[in-house]
Amino acid sequence: GRSVGEQAFVMKTTWRTMRAIYKYHKVNPLAIFKSPLMQIPVFWYFSIDIRKIINGADPELAQQLTESGFLWITDLTEPDPWYGLPIVSGMLLYLNVEWAVGRKTLSGETASKSNIAKYMKDFFQSLAVFMP
């Protein structure tokens, strides 16, 4: 085998080469984490507030939800009678999958046209349409 020094040199050279390739093609390998990281604060806020309502720690918030509305929903503690929000959510998921698969991926344009990408696109779009 190789010595520790040789292995370190090979790893350093490989790392530099990868960084140069990323820079040349203007690819940021951490860009795929942007969307999930932006969703964490929203999820955190809603989960904390829902926990407060369930535990009875914030009766004022619970009262505000029964007295306020959003678009066609007059009471935010009742289910959506027209199923509009689930339909809009499914449509947004469908469009997000369509947009994400249609873009160039980190692996290049040919990867987004592969069979696996097509199957994943079909699966998630079916999930968006038929999700209960």
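Residues numbered from 1 in each chain as written. Predicted model: local features only at pLDDT ≥ 70, side-chain atom pairs only at ≥ 80, totals over all residues. Heavy atoms only, no water.

## Examining the overall build of the protein
Line of reasoning, step 1. Counting its regular elements, the protein contains six helices and zero strands.
Line of reasoning, step 2. Considering only contacts within the protein whose residues lie at least 6 apart along the sequence, 30% involve residues at least 24 apart.
Line of reasoning, step 3. Accessible surface, the protein: about 11,600 Å² in total, of which carbon and sulfur atoms supply 67%. (Helix = DSSP H or I, 4+ residues; strand = E, 2+ residues; numbered from the N terminus. Contact = heavy atoms within 4.5 Å. Areas by Shrake-Rupley, 256 points an atom, 1.4 Å probe, with all protein chains shown as cover.)

## Quick word on the packing of aromatic side chains
Line of reasoning, step 1. A complete count under the given rule lists one aromatic pair for this structure.
Line of reasoning, step 2. Centre to centre, the rings of Y45 and F46 are 5.6 Å apart; their planes meet at 65°, and the pair counts as edge-to-face. (Phe/Tyr/Trp six-rings, centres within 6.5 Å; stacked < 30°, edge-to-face > 60°.)

## Some words on the side chain of D75
Line of reasoning, step 1. With respect to the helices, strands and loops of the structure, D75 is situated in the loop between α3 (59–67) and α4 (84–102).
Line of reasoning, step 2. Buried within the structure, D75 lacks any salt-bridge partner; its nearest side chain of opposite charge belongs to K52, at an N-O separation of 19 Å.
Line of reasoning, step 3. Not counting the four nearest positions on each side in its chain, D75 is found in contact with L65, T66 and S68. (Buried < 20%, exposed > 50% of the residue type's maximum accessible area, 1.4 Å probe, protein only. Lys, Arg positive; Asp, Glu negative; His and termini not counted. Salt bridge = Lys/Arg side-chain N within 4 Å of Asp/Glu carboxyl O.)

## Comments concerning the confidence of the model for the protein
Line of reasoning, step 1. The share of residues in the protein with pLDDT of 70 or more is 86%, and the mean pLDDT across the chain is 78.
Line of reasoning, step 2. When mean pLDDT is compared element by element in the protein, helix α1 (residues 4–24) scores highest at 93, while helix α5 (residues 109–112) scores lowest at 52. (pLDDT = per-residue confidence, 0-100.)

## Some points on a nonpolar patch on the surface
Line of reasoning, step 1. On the surface, a cluster of nonpolar side chains totalling about 990 Å² of accessible area is made up of Y83, I87, V88, M91, L92, Y94, L95, V129 and F130.
Line of reasoning, step 2. Elements with a minimum of two residues in the nonpolar patch: α4 and α6 (115–130).
Line of reasoning, step 3. A per-element tally of the nonpolar patch places α4 first, with six residues.
Line of reasoning, step 4. With respect to the helices and strands, L92 occurs in helix α4.
Line of reasoning, step 5. For L92, a relative accessible area of 55% corresponds to the exposed category. (Patch = residues over 30% accessible without salt bridge, like charges linked within 9 Å, V, L, I, M, F, W, Y side chains within 5 Å.)

## Remarks on α1
Line of reasoning, step 1. Over its 21 residues, α1 extends 30 Å from the first C-alpha to the last, a length consistent with the 30 Å expected when each residue adds 1.5 Å.
Line of reasoning, step 2. Within two residues after α1, K26 carries a phi angle of roughly 55°, on the positive side. (Expected span 1.5 Å × (residues − 1).)

## Regarding a positive patch on the surface
Line of reasoning, step 1. Among the surface-exposed residues, K12, R16, R19 and K23 lie close enough to one another that they form a single positively charged patch.
Line of reasoning, step 2. Topologically, R19 is positioned in helix α1. (Charge placed at Lys NZ, Arg CZ, Asp CG, Glu CD.)

## Describing unusual backbone geometry
Line of reasoning, step 1. Positive phi outside glycine occurs at K26, with the angle close to 55°.
Line of reasoning, step 2. Even without glycine at this site, Y83 takes up a positive phi of about 55°.
Line of reasoning, step 3. Turning to its location among the elements, Y83 is positioned in the loop between α3 and α4.
Line of reasoning, step 4. In this structure Y83 comes out as exposed when scored by relative accessible area, which is 57%.

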